[in-house]
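Here's the letter readout for the chains.
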Amino acid sequence: MTRLLLIEDDPAVRRGVVLGLSRNGHETEAVGTGEDGLEALAAFKPDLVLLDLMLPGMSGLEVCSRIRETSSLPIVILSARGDDIDVVIGLEAGADDYVVKPASAALIEARIRAVMRRVAPAQADTGSDAGPTAVGDLEIDRASLIVRKHGSELPLAPSELKLLLFLSAAPEQTFSRRQLLEDIWEHSYYGDARLVDACVMRLRAKIEEDPRRPAYVQTVRGFGYRFGPLPV
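Residues numbered from 1 in each chain as written. Predicted model: local features only at pLDDT ≥ 70, side-chain atom pairs only at ≥ 80, totals over all residues. Heavy atoms only, no water.

Some words on the sheet that holds strand β10 (residues 175–176)
- Within the open sheet, the 3 strands sit side by side as β10-β12-β11. Their pairing is antiparallel. Looking at strand neighbours, the two that pair on one side only are β10 and β11 (217–220), the edges of this open sheet.
- As paired strands, β11 and strand β12 (residues 224–227) are joined by 4 bridges and run antiparallel to one another. The residue of β12 that forms the bridge with V220 is G224.
- Helix α7 (residues 158–168) contacts β10, β11 and β12 of the sheet and is inclined by roughly 70 degrees relative to β12.
- On top of the sheet, helix α9 (residues 193–207) reaches β11 and β12; it is set at about 140 degrees to β11, its chief contact. (Pairing = 2+ DSSP bridges. Helix = DSSP H or I, 4+ residues; strand = E, 2+ residues; numbered from the N terminus. Contact = heavy atoms within 4.5 Å. Axes fitted to C-alpha atoms, helices over the stretch in contact; angles between N-to-C directions.)

So this is what it looks like as structure tokens:
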């Protein structure tokens, strides 16, 4: 059973989402404000947060940023507009995925399952039977799913970790944004390319010495991304 925290100010949407989640066996706590959501984090200890952006008082973007200051807890944004710039900002603030409202219970469930799978990547995808690997100033431990830089553990969100594990498992191989969407986010439509770009930006900020001149996650212009090769 997955414990879910829903932060959504619309009572009708709250009831509908909670009903759908309950039918899929989830234990759900639902609140209507960002302030109540942050309080519920400590008391309820959810496995994942479903977060509306347009909240009264403290915005969803601020809630997302506050969570990311101390936690890598998976966050899925709920947005009424798929092209809203706030969605992109939310992804850049640390959200792992987003769902455009109104959304069916089946779609929300699919997004939850996909994000939770990224929390514990499969051995076949990450090579988790191998020991820690030193790459430049990074140490990637696939067994414990821990990444260290200069010996200090990095607080990577689930999508950031899965992206790094995926790319570093095939160094110097270039992957298109569509490939990354399908393999990591399990999305199959092009409109979500911003998920990849926002995640790459966040990951670079944590692992690169200079994110403007990345050594690890490199851009292949007009196509996608690759891991390395590192400069000699």
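Once you've had a look at it, read on.
Details of the sheet that holds strand β6 (residues 133–135)
- The strand order across the open sheet formed by 4 strands is β6-β7-β8-β9, and the pairing between neighbours is antiparallel. The open sheet terminates on both sides in strands that have one partner only, identified here as β6 and β9 (152–153).
- Summarising the sheet, strand β8 (residues 146–149) and β9 pair through 2 bridges and their orientation is antiparallel. Bridge pairing links K149 to S152 in β9.

Things to note about unusual backbone geometry
- In this structure, the amide linkage connecting K101 to the following residue, P102, adopts the cis form with an omega of -5 degrees.
- Locating P102 in the fold gives a position in the loop between β5 (97–100) and α5 (105–119).
- Although it is not a glycine, L145 sits at a positive phi angle of roughly 60 degrees.
- Locating L145 in the fold gives a position in the loop between β7 (138–141) and β8.
- In this structure, E172 is a non-glycine residue whose phi angle is positive, near 70 degrees.
- Structurally, the position occupied by E172 is in the loop between α7 and β10.
- A residue is classified by how much of its surface remains accessible, and E172, at 52% relative accessible area, is exposed. (Buried < 20%, exposed > 50% of the residue type's maximum accessible area, 1.4 Å probe, protein only.)

Geometric descriptors of this kind do not, in isolation, establish any biological role.
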